[in-house]
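Inside the fold
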Amino acid sequence: MEGYVLIVDDDQDIRNLIGIYLANEGLPYIKCDSAVQAMELIKSNKVDLILLDIMMPGLDGIEACIKIRQSEKMPIIFMSAKTEDMDKIQGLVAGADDYITKPFNPIELVTRVKAQLRRYKQYNTDYSESMLIEYEDLVINKQTRQTWVNGREVHLTPKEYDILEVLLNNKGMVLSIAQIYEKVWREEFFRSESTVMMHIAKLRDKLNQGEERKYIKTVWGVGYKI
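Here's a quick rundown of the structure. None of these values were measured; they are calculated from a predicted model. Starting afresh in each chain, residues are numbered from 1 along the sequence in its written order. pLDDT decides what is reported in this predicted model: residues at 70 or higher carry local features, side-chain atom pairs at 80 or more are listed and counted, and totals for whole chains, interfaces and linings draw on all residues regardless. Excluding hydrogens and water, the side-chain figures rest on all heavy atoms present in the structure.

Looking at the overall build of the chain
For the record, the criterion: In this description a helix means any DSSP run of H or I spanning at least four residues, a strand means any run of E spanning at least two, and both kinds are numbered starting from the N terminus. Atoms considered for the radius of gyration are the C-alpha atoms alone. The globule rule reads 2.2 Å times the number of residues to the power 0.38. Here, two residues are considered to be in contact whenever any of their heavy atoms come within 4.5 Å of each other. When charges are tallied, Lys and Arg are placed among the positive residues and Asp and Glu among the negative ones, while His and the ends of the chain are skipped. Lysine's charge is taken at NZ, arginine's at CZ, aspartate's at CG and glutamate's at CD.
Counting its secondary structure elements, the chain contains eight helices and eleven strands. Computed over C-alpha atoms, the radius of gyration of the chain comes to 22 Å, more than 25% over the 17 Å expected from 2.2 N^0.38 for 226 residues, which places it beyond the range of a compact globule. Judged by the C-alpha coordinates and their principal axes, the chain covers about 70 × 35 × 30 Å. Within the chain, residue pairs in contact and separated by at least 24 positions form 54% of the contacts whose partners lie at least 6 positions apart. Side-chain charges of the chain comprise 30 positive and 35 negative groups, with the mean position of each set lying 6 Å from the other.

Let's talk about the pattern of salt bridges
Our working rule: The rule for a salt bridge is simple: a side-chain nitrogen of Lys or Arg has to be within 4 Å of a carboxyl oxygen of Asp or Glu.
Counted according to the given criterion, the structure contains ten salt bridges. The salt bridge partner of Glu25 is Lys114, with a shortest N-O separation of 2.6 Å. Within this pair, whereas Glu25 is found in the loop between helix H1 (12-24) and strand S2 (29-32), its partner Lys114 is found in helix H5 (residues 106-123), the two being separated by 89 residues in sequence. Asp48 is paired through a salt bridge with Lys46; the nearest N and O atoms lie 3.5 Å apart.

Some words on the side chain of Asp53
Convention followed: Under this definition, polar contacts are N or O atom pairs within 3.5 Å; protein pairs additionally need one hydrogen-donor-capable and one acceptor-capable atom, and for neighbouring residues in sequence, both atoms have to be side-chain atoms.
Structurally, the position occupied by Asp53 is in strand S3 (residues 47-53). A polar contact of 3.1 Å, which involves the side chain of Asp53, links it to the side chain of Lys102. If we ignore the near neighbours within four places in the chain, the residues touching Asp53 are Val8, Asp9, Asp10, Gly61, Met79, Ser80 and Lys102.

Some remarks on the sheet that holds strand S9 (residues 152-154)
Keep this limit in mind: Pairing between two strands is assigned when DSSP locates at least 2 bridges connecting them. Throughout, an axis means a line fitted to C-alpha atoms (over the contacting stretch in the case of helices), and angles, computed between N-to-C directions, take values from 0 to 180 degrees.
In space, the four strands of this open sheet follow the order S6-S7-S8-S9, with antiparallel pairing throughout. Where the open sheet ends on each side, the last strands, each with one partner, are strand S6 (132-135) and S9. In this sheet, adjacent strand axes meet at a mean angle of 25 degrees when their direction is disregarded. Looking at chain direction, S6 and strand S7 (residues 138-141) are connected through four bridges and run antiparallel. Note on S7: the bridge partner recorded for Leu132 is Asn141.

Thoughts on the packing of aromatic side chains
In plain terms, the rule: In this analysis, rings of Phe, Tyr and Trp, with Trp reduced to its six-membered ring, are considered paired at centre separations within 6.5 Å, and the interplanar angle assigns stacked below 30 degrees, edge-to-face beyond 60, and tilted for intermediate values. Only protein chains enter the accessibility calculation, which uses a 1.4 Å probe. A residue is then buried if its area is under 20% of the maximum for its type, exposed if over 50%, and partly exposed in between.
Under the defined criterion, the tally for this structure stands at three aromatic pairs. Between the aromatic rings of Tyr181 and Phe189, the centroid separation amounts to 5.7 Å while the plane-to-plane angle is 70 degrees, which identifies the pairing as edge-to-face. Taken individually, Tyr181 and Phe189 each receive the classification buried, so the pair is uniform in this respect.

A word on the environment of Ala94
Within the secondary structure, Ala94 sits in the loop between helix H4 (85-93) and strand S5 (98-101). For Ala94, a relative accessible area of 12% gives the class buried. Taking the C-alpha atoms as reference, Ala94 lies 49 Å from Ser192; in sequence the two are 98 residues apart. Sequence-distant contacts of Ala94, defined by excluding residues within four places in its chain, comprise Ile62, Cys65, Ile66 and Arg69.

Side note on helix H3 (residues 61-68)
So the rule is basically this: Starting at the helix axis, one direction is taken to each C-beta atom, and the arc is that of these directions.
Three or more residues of H3 are buried, namely Gly61, Ile62, Ala64, Cys65 and Ile68. The buried residues of H3 all sit within an arc of 165 degrees when viewed along its axis, so they share a single face.

Looking at H1
Because an α-helix packs 3.6 residues into every turn, residues spaced three or four apart end up facing the same way. Inclusion rule: Expected span of a helix: the number of residues minus one, times 1.5 Å.
With 13 residues, H1 should reach 18 Å at 1.5 Å per residue; the first-to-last C-alpha distance of 18 Å fits that figure. Of the positions making up H1, those classed as buried are Arg15, Ile18, Gly19, Tyr21 and Leu22. For H1, the angular spread of the buried residues around the axis is 160 degrees, confining them to a single face. In H1, the exposed residues that point more than 90 degrees away from the buried face are Asp13 and Asn24. One side-chain oxygen at the N-terminal end of H1 lies 2.9 Å from the backbone nitrogen of Asp13; it belongs to Asp11.

Things to note about the sheet that holds strand S1 (residues 4-8)
Spatially, five strands are ordered S2-S1-S3-S4-S5 in an open sheet, and the strand pairing comes out parallel. What marks the edges here is a single partner per strand, and that holds for S2 and S5. Averaged over all neighbouring strand pairs, the angle between strand axes comes to 20 degrees, with direction disregarded. Bridge count between S1 and S3: five bridges; the pairing is parallel. Residue pairing for S3: Val8 is matched across the bridge by Leu52. The sheet strands contacting H1 are S1, S2, S3 and strand S4 (76-80), and the helix crosses S2 at an angle near 175 degrees.

Below you can see the structure in the form of structure tokens.
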């Protein structure tokens, strides 16, 4: 079932206008005029994204975002008439995924909504978190066999992906080259050190993306671990 975009703003005209933009793109939505009501709607509806105004009476958007983030992971886009960098930084630190200033361009708003929804659903295929394995800013989806580093998809060969999944499934444990080979190639290990080492070298290059990251650690004389 497709989830809703939740529009939270105390200005009725803005709520209605955003609703028109979303409806024109075929995006289902619900709307409310307070952060308190928004948190109730989240409990009773399948919400995929929240458009959240910052300046609202009672519970403001920043406080609401912090509370929502204690239990929910859907994207949150702040909406505010404030344009100062510190206001944007404060919003993002509170847990928002994006920030758009009023008055906003309808095309820009819808583009940002679609981008966040695409990323959320990509990371949460069938909304099943059991399919995801995360380590720092490295994420894999076991169902789709996709890999992301810092939000950017990394394209791996089947064997590179299998090695990465084996290491992530055994986080903190040192696996020998023989163990990795037998789990990935599914055959008895026999003088195949160079095969495993070559694949791990290429996998490291793709994950590191030219930076000094060390996801896959070498334990000399023993094997590899994450």
